[in-house]
Each structure stands twice: as C-alpha cells, then as structure tokens.
Amino acid sequence: MASFPFDRRAIPAGASITHWTTRDSWALRCFSWPVTGAPRGSILFQGGRGDVIEKYLETFAHWHSRGWTVTSFDWRGQGGSGRLTDAGNCGHIADFAQYIEDFEAFARDWMARTPGPHVIMGHSMGGHLVLRGLVEGVARPDAAVLVAPMLGLKGPFGAALGERLARLLGGVGNSARPAWKSNERPYTTDTRESLLTHDPDRYQDELWWQQTNPGNVTGPPSWKWVIEAFRSTRELRAHSALRTMDVPVLALVAEHDGLVDARAALALLAKLPDARIVRFGKESAHEILREVDKVRNRALGEIDLFLEARVRGA
C-alpha cells in the first residue's frame, strides 16, 4: 500500500532492537521506531504464537509513514525473548496469566513514554492477549485492533473435547514437551505456507529471517501451551466484562482461517459494545497483514479509516 520502496529483510533506519526487563528480570526483545517531528500517536503491535518482530516490518513501515511511532516485543518464551523449556525451540508457557503480566507492565511503561493517542493491536495469539488484557482492565488505550484474533482454537473435535484431549495427552509425562513436530496444525495435510498466506514472497521473507537469526525461531508449542490456550480462550469467551469493555475495537476476521476458530471469534466480538468487524473470505488465510496486496491493502485501509474516525487527535 505504501508508495515507497521498502526492504522487508532489513531493520529500517531509525528503528532499534533493544531489550526491556520485566519485574522478574526477564528480558523481552523489543522493537521501537519513533517518528521525527510531531507524531500522530503511538501503536503497540503484538504478534501471534511463534511470531517475531521482523515478520511485520513492512506493516510497521506503512503506519510509520503515516506518522505513528511503532513499538512491539516478542512474547516471553518465543522469538528473541528466551525460552521457558529445554525442549529445543519449543514455545512453552505455564499460564497465559504470565503473558498478561508482561503485557500489563510493558503497556503501562509504553503509554507513559510515548506520545498519545495510544493504539494497541494484536494478531492471532496477540489479539487474544490484547483483548483479554482490555477486558481484565490491565490496559486502556484509545483504541484497539485485533487481526485474526485467537478467540477459539481450530480443531477437528470442537473446543470442549479438544481441551479434554489436550489435558489427557499433555498430562502424561512432561507437559513442557512439544505437542507435535513441526506443522502449525498436526491433523491436516495443509502446508504451513497455505495456512498462513497466499503470498509466496512474504512467506519466504519469514524463512529468510529464520535462516538469518536461527536462535529466534520458535517451533511447535508445548502441551502446556495448548492446554492453557484452550483454557484462556474458553474463559475469555465467558467473561462477564465483555459487554462493558468500551475501548473502541476494530476486528479483522478471516472466515476461512485454518488456524483459529473464526466462528468463535465472531460470536465473542458480537458481545463487545463498541466493535467494528470486517470479514475476509477465501481470499485470506490466517496472516491477513501478510497476505497478497489486494487483501493486505484492504486490511490496512480499514485500519487507517478506523483510526481516523475513532482515535481522537489521529
């Protein structure tokens, strides 16, 4: 959508990669891209399970060109923010509450040191955690954007049976061990690429970053992550504060998403008092912001219009 050349395989000039220390002394790998001159405001963007900051540099460039300062961090236990298990590159967490604690502390610090208005965005697992944080009151930005939010897990058995099976299988032995070998979805013959995007070049960008920084690669989740993901999404869907959480929300939902449950997302989002829902059909896989230009441009356009309409001072 941006009319200027952009290298998706390089940290942009003026941006920096640093580390931010949590209250328990854990180092989160962070990205910061301030704006020269008077900024329009600040965006905190959080990726999904296994994501790294670099996957969204092109999207960050779009917002930065429109005057937004952009910040992001790799979630604890994935990307460049360390590991919580000895099982290779496995993405593990003991409780999603740990993600929320990190998010709360980081967001509070970010809002204090960056210019407003403030917008928090999240993709997939990041979308789930951002919405959970808003519902629980740990952050109150001027607006929020959820992109293919993980508000239900996609599986062949349904949420209730899926959670019971995860607890059964994950409860045998070490629950920090990988739940499967490599594919994003072990019970399908779909390739990882087809589940994520229809754009082969943008998919290759991710592989390039993995080869360049192999230490930042996160593989399959642990059984404990799977169990806690089922629990956290179930509890959020039933949360009593959904209907009173009045931060303006824009949600982009891929109806044919192969990784998260779009129907569960639509049902939950309908409970929010101030939410605009934009649906994408078969043209979009899970990573809406890393899709082919036609899909990605529509998504960015919807976000831009939402921010112009709903964020004071933007």
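Bear in mind the structure is a predicted one, so any value in this text is a computation, not a measurement.

1. Remarks on the pattern of salt bridges
Evaluated as defined, the whole model comprises 32 salt bridges. The salt bridge partner of D74 is R29, with a shortest N-O separation of 3.0 Å. Placement of D74 in the loop between β4 (68–73) and α2 (96–113) and of R29 in strand β2 (residues 27–33) is noted, with a sequence separation of 45 residues between them. On the accessibility criterion, D74 (2% relative accessible area) is buried. A residue is classified by how much of its surface remains accessible, and R29, at 7% relative accessible area, is buried. Residues D293 and R202 are paired through a salt bridge, measuring 2.8 Å at the closest nitrogen-oxygen approach. Residue D293 is found in helix α9 (residues 293–310), and its partner R202 is found in helix α6 (residues 200–212); the two are separated by 91 residues along the sequence. With a relative accessible area of 41%, D293 lands in the partly exposed category. Here the salt bridges share partners, and the residues they tie into one network are R8, R9, E58, D199, R202, D205, D293 and R296.

2. Let's talk about the pairing of strand β3 (residues 41–46)
Of all six residues making up β3, six are buried, and the element is well covered by its neighbours. Residues G41, I43 and F45 of β3 are buried on one face, and the alternating residues S42, L44 and Q46, pointing to the opposite face, are buried as well. Note: β3 against β4, four bridges, orientation parallel. By the bridge assignment, S42 is partnered in β4 with T69. Handedness of the crossover joining β3 and β4 through helix α1 (residues 57–65) is recorded here as right-handed. As paired strands, β3 and strand β5 (residues 118–123) are joined by five bridges and run parallel to one another. Looking across to β5, one finds that F45 is bridged to M121.

3. Observations regarding the packing of α1 against α9
Where α1 meets α9, the axes come as close as 12 Å, and the angle between the chain directions of the two elements is 40 degrees. What the angle tells us is that α1 and α9 run oblique. Between α1 and α9 the crossing geometry is right-handed. Where α1 approaches α9, its residues E58, T59, H62 and W63 are matched on the opposing element by R296, L300, I303 and D304. Broken down by class, the residue content of the contact of α1 with α9 amounts to three nonpolar, two polar and three charged.

4. Let's talk about the side chain of H123
Counting through the fold element by element, H123 comes out in strand β5. One polar contact links the side chain of H123 to the main-chain carbonyl oxygen of V147, over a distance of 3.3 Å. Excluding residues that lie within four positions of it along the chain, H123 makes contacts with F45, Q46, G47, G48, D51, Y56, V147, A148, H286 and E287.

Reading guide: rules and limits
The residue numbers shown here count from 1 along each chain, following its written sequence. Local features in a predicted model are, by the rule used here, given only for residues with pLDDT of at least 70; side-chain atom pairs are given and counted only at 80 or more, and totals for whole chains, interfaces and linings are based on all residues. Side-chain descriptors were evaluated using all non-hydrogen atoms of the structure, hydrogens and water having been removed beforehand. Just to be clear on terms, a salt bridge is a Lys or Arg side-chain nitrogen sitting within 4 Å of an Asp or Glu carboxyl oxygen. A run of DSSP states H or I qualifies as a helix once it reaches four residues; a run of E qualifies as a strand once it reaches two. Both are numbered from the N-terminal end. Three exposure classes are used, based on accessible area relative to the maximum for each residue type with a 1.4 Å probe and protein chains only: buried under 20%, partly exposed in between, and exposed over 50%. Pairs of strands are assigned from DSSP output, requiring at least two bridges between the strands. Here the term right-handed applies to a crossover when the path leading from its first strand over the helix to its second strand runs clockwise, the strands being oriented away from the viewer. Inter-axis angles, ranging from 0 to 180 degrees, are taken between N-to-C directions of lines fitted to C-alpha atoms, where helices are fitted over the stretch in contact. Any angle that is under 35 degrees is reported as roughly parallel, and any over 145 degrees as roughly antiparallel; angles of 65 to 115 degrees are reported as roughly perpendicular and all others as oblique. Should the near helix be turned counterclockwise from the far one by less than a right angle, the crossing is left-handed, whereas a clockwise turn marks it as right-handed. Pairs of residues are marked as contacts when any of their non-hydrogen atoms sit within 4.5 Å. Charged residues are taken to be Asp, Glu, Lys and Arg, nonpolar residues to be Ala, Val, Leu, Ile, Met, Phe, Trp, Tyr, Cys and Pro, and polar residues to be all remaining types, Gly included. We define a polar contact as two N or O atoms separated by no more than 3.5 Å, with the added condition that, inside protein, one atom must be a possible hydrogen donor and the other a possible acceptor, whereas residues neighbouring each other in sequence contribute only through side-chain atom pairs.

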